[in-house]
Amino acid sequence: TNILSSIGSTLSNLPFFLTVLVFITLSAFFMGFRHPRIREGMSTLTPSRIKVTIGMVLNDIKKALFGFVRAQLILISISALLMFIGLLILKVPYAFTIALLIGLSDLLPYVGVGIVIIPWITYLFLIDNVELGVGLSIVYGILIIVRQVMEPRLVASNIGLDPLLTLIALFVGLQLFGFLGLILGPVILVIGNALYRANFFRDIWRFIVGKNEGIEPR
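What you see is a predicted model; the values in this text were computed from it and never measured. (Residues numbered from 1 in each chain as written. Predicted model: local features only at pLDDT ≥ 70, side-chain atom pairs only at ≥ 80, totals over all residues. Heavy atoms only, no water.)

**Student:** Which residues make up the packing of aromatic side chains, and what are the values?
**Tutor:** Within the structure shown, the criterion is met by 2 aromatic pairs. Geometrically, the ring pair formed by Phe-84 and Phe-96 is edge-to-face, given 5.9 Å between the ring centres and 90° between the ring planes. Here Phe-96 lies in helix α4 (residues 95-105) and Phe-84 lies in helix α3 (residues 48-89), a separation of 12 residues in the sequence. Using a relative accessible area of 26% as the deciding quantity, one classes Phe-84 as partly exposed. Residue classification places Phe-96 among the exposed positions, given a relative accessible area of 55%. (Phe/Tyr/Trp six-rings, centres within 6.5 Å; stacked < 30°, edge-to-face > 60°. Helix = DSSP H or I, 4+ residues; strand = E, 2+ residues; numbered from the N terminus. Buried < 20%, exposed > 50% of the residue type's maximum accessible area, 1.4 Å probe, protein only.)

**Student:** Give me the nonpolar core: which residues, what numbers.
**Tutor:** Counting residues in hydrophobic clusters, the biggest one holds 16 residues, and the most contacted among them are Met-83, Leu-87, Ile-102, Val-113, Ile-117, Trp-120 and Leu-136. Per element, the largest residue contribution to this core is 5 residues, and it comes from helix α6 (residues 130-159). Those residues in contact with Val-113 that lie beyond four places of it in its chain are Ile-102, Ser-105, Asp-106, Tyr-140 and Leu-143. One finds Phe-68, Ala-71, Leu-154 and Val-155 within the second-largest nonpolar core, a separate group that totals 5 residues. (Core = buried A, V, L, I, M, F, W, Y, C linked by side-chain atoms within 4.5 Å. Contact = heavy atoms within 4.5 Å.)

**Student:** I'd like a description of the side chain of Gln-72, backed by residues and values.
**Tutor:** Looking at the secondary structure, you find Gln-72 in helix α3. Filtering out sequence-adjacent residues up to four positions away, Gln-72 remains in contact with Arg-147, Glu-151 and Val-155.

**Student:** Could you give an account of a nonpolar patch on the surface, with specific residues and numbers?
**Tutor:** Taken together, the side chains of Leu-164, Leu-165, Leu-167, Ile-168, Phe-171, Val-172, Leu-176, Phe-177, Leu-180, Ile-183, Val-187 and Ile-188 make up a nonpolar region of the molecular surface, amounting to roughly 1100 Å² of accessible area. If you list the elements that add at least two residues to the nonpolar patch, you get α7 (163-177) and α8 (181-197). A total of 8 residues in the nonpolar patch trace back to one element, the largest contributor, which is α7. Tracing the sequence through the fold places Val-187 in helix α8. (Patch = residues over 30% accessible without salt bridge, like charges linked within 9 Å, V, L, I, M, F, W, Y side chains within 5 Å. Areas by Shrake-Rupley, 256 points an atom, 1.4 Å probe, with all protein chains shown as cover. Salt bridge = Lys/Arg side-chain N within 4 Å of Asp/Glu carboxyl O.)

**Student:** Quick one: what's the story with α4, residue by residue and with numbers?
**Tutor:** Taken residue by residue, α4 has Ala-95, Ala-99, Ile-102, Gly-103 and Ser-105 as its buried positions. Each buried residue of α4 sits inside an arc of 155° when the element is viewed along its axis, so together they form one side. Along α4, exposed side chains directed more than 90 degrees from the buried face belong to Phe-96 and Leu-101. (Arc of directions from axis to C-beta.)

**Student:** Explain the confidence of the model for the protein to me, and be specific about the residues and the numbers.
**Tutor:** Model confidence for the protein is summarised by a mean pLDDT of 78, while 89% of its residues fall at 70 or above. Segment residues 212-218: pLDDT under 50, and 16 contacts once partners within four positions in sequence are set aside and those in other chains are kept. (pLDDT = per-residue confidence, 0-100.)

**Student:** Go over empty space enclosed by the protein, please, and point to the residues and values.
**Tutor:** Counted according to the given criterion, the structure contains 1 cavity of 30 Å³ or more. The computed volume of the largest cavity comes to approximately 30 Å³. Counting residues per element, the ones that place at least two in the lining of the largest cavity are α3 and α6. When residues in the lining of the largest cavity are grouped by element, the largest group, 4 residues, is from α3. In terms of residue class, the lining of the largest cavity is built from 5 nonpolar, 1 polar and 1 charged. (1 Å grid on protein atoms, 1.4 Å probe; cavity = no way out; pocket = protein on both sides within 12 Å on 5 of 7 lines; lining within 4 Å. Points joined across faces, edges and corners; volume = space filled by probe spheres on them. Nonpolar A, V, L, I, M, F, W, Y, C, P; charged D, E, K, R; others polar.)

What follows is the structure in structure tokens.
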């Protein structure tokens, strides 16, 4: 009944969805076509102080985005390398292939490498392969510790923020927004830092208290 109801609702809303899609497509086309003129007009109307502030914020966000991606790639490489070394020590066949797959699984939110290793360890104990299960558990524990220690520092160094502030941003973002907060937390911190360096908060305060004359960005 629920499936039939959802199908009927989708079909009844289909004309609306198609209409919105047409408007979005046309709007994107015309905005792209007139983008240089729109950008020039916005630049003319925007005060120089605001343009400097926006430029600094966008530049910092761009650097932080590439830095965050680079940090995650480094962490994945470290996870794969540690797993490869551990599997070699444990004499597990196809160590390189397994380590590569486990490294790629580190991209998954929340679970990470645990989505592969935990079921594997459980299976080993169920079939009484205790030695390999204990060894793999030790490797997994080392992997978790290394990642937790290195992640704040790598993210901080690659996006240009203090490691402690980055750790706080990651934790607060995770608590407020879930996995998405691991990205939003540092991004919000980067934006706040860029606004601070551009004297945005000082300008706002001086405007509120009536001292908005002679303010120049750094």
